[in-house]
Amino acid sequence: MYCHKCGKENIDSAKFCKGCGVQLVDTQFGSSSRKNKTSPQIVILIVLSLGVLTAILTNPSEAEHKSAVADLLKQSAFENVLETATESENEFEIAGSALGYSLGVSFVDRIVEMGVTRNNYLLFSTTKFNYQGKSRTVGYGVFGNVSISKNIKRAMQE
Ligand SMILES: [Zn+2]
């Protein structure tokens, strides 16, 4: 870097000229440090935008919310059959619970089709379960996954 007053060459980090003692202003260093300050902000902005975009694109559809609820209810119905089968010695009871399971599965499909809706919040969505006149939020979906609360079973038993 050369002194703007006397023209003597100084090292780039010098604050004062070693020839005339004037305060040196390093314009090049100043602008590059400003650039260094803005670039992390741009990177953060890009990462945030990509995250937002990904969230919008992977926000689960209503069909995904419906199938998540159906899976949970069918799984719990099947667990009930297994429980009866392991606890009961009575074949009629076991057959009855298996029959109950097949009826339960078609029942689940019907109430899920009619009762499960999705509230869309663009970046994520919530699962609404409308059952016997009551509407509850039973889960949420974000980044391609739907999470259903186990409380939905309680909601149906009430
Ligand atoms: Zn100078």
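1. Quick word on the pairing of strand S1 (residues 116-120)
Here S1 pairs with strand S2 (residues 125-131) via five bridges, running antiparallel. Looking at S2, one finds that Asn119 is bridged to Thr126. Linkage of S1 to S2, two consecutive antiparallel strands, is achieved through a turn of four residues, within which Leu122 is found at a positive phi near 70 degrees.

2. Observations regarding the confidence of the model for the protein chain
Confidence in the prediction for the protein chain averages 85 pLDDT; 89% of positions are at 70 or higher. The secondary structure element of the protein chain with the lowest average pLDDT is helix H4 (residues 151-157), at 72, and the one with the highest is S1, at 95. Note on residues 29-34: pLDDT is under 50 here. Beyond four places in sequence and across chains, it has one contact.

3. Focus: the sheet that holds S1
The strands making up a sheet associate through hydrogen bonds between their backbones, and the pairing can be parallel or antiparallel. Pairing in this open sheet of four strands is antiparallel, and the strands run S1-S2-S3-S4 from one edge to the other. If you trace the sheet from one side to the other, it starts and ends with S1 and strand S4 (145-148), each paired once. The average undirected angle you get between the axes of adjacent strands in this sheet is 30 degrees. Contacting S1 and S2, helix H3 (residues 91-115) crosses the sheet at an angle of about 115 degrees to S2.

4. Here we look at the pairing of S2
As judged from the seven bridges shared by S2 and strand S3 (residues 134-142), these two strands associate in the antiparallel manner. When the bridges of S3 are listed, Thr126 appears paired with Tyr140. Joining the antiparallel neighbours S2 and S3 is a turn of two residues, in which Gln132 adopts a positive phi near 50 degrees.

5. Details of the packing of helix H2 (residues 62-87) against H3
Following both chains from N to C, one finds H2 and H3 inclined at 170 degrees, their axes separated by 9 Å at the closest point. Judged by the inter-axis angle, H2 sits roughly antiparallel to H3. Between H2 and H3, the residues in contact are Lys66, Val69, Ala70, Leu73, Lys74, Ala77, Phe78, Asn80, Val81, Thr84 and Ala85 and Glu93, Ile94, Ser97, Ala98, Tyr101, Gly104, Val105, Val108, Asp109, Val112 and Glu113, respectively. Here the contact of H2 with H3 is composed, by residue class, of 13 nonpolar, four polar and five charged.

Quick notes on the rules
- Residues numbered from 1 in each chain as written.
- Predicted model: local features only at pLDDT ≥ 70, side-chain atom pairs only at ≥ 80, totals over all residues.
- Pairing = 2+ DSSP bridges.
- Helix = DSSP H or I, 4+ residues; strand = E, 2+ residues; numbered from the N terminus.
- pLDDT = per-residue confidence, 0-100.
- Contact = placed C-beta atoms within 7 Å.
- Axes fitted to C-alpha atoms, helices over the stretch in contact; angles between N-to-C directions.
- Parallel < 35°, antiparallel > 145°, perpendicular 65-115°, else oblique.
- Nonpolar A, V, L, I, M, F, W, Y, C, P; charged D, E, K, R; others polar.

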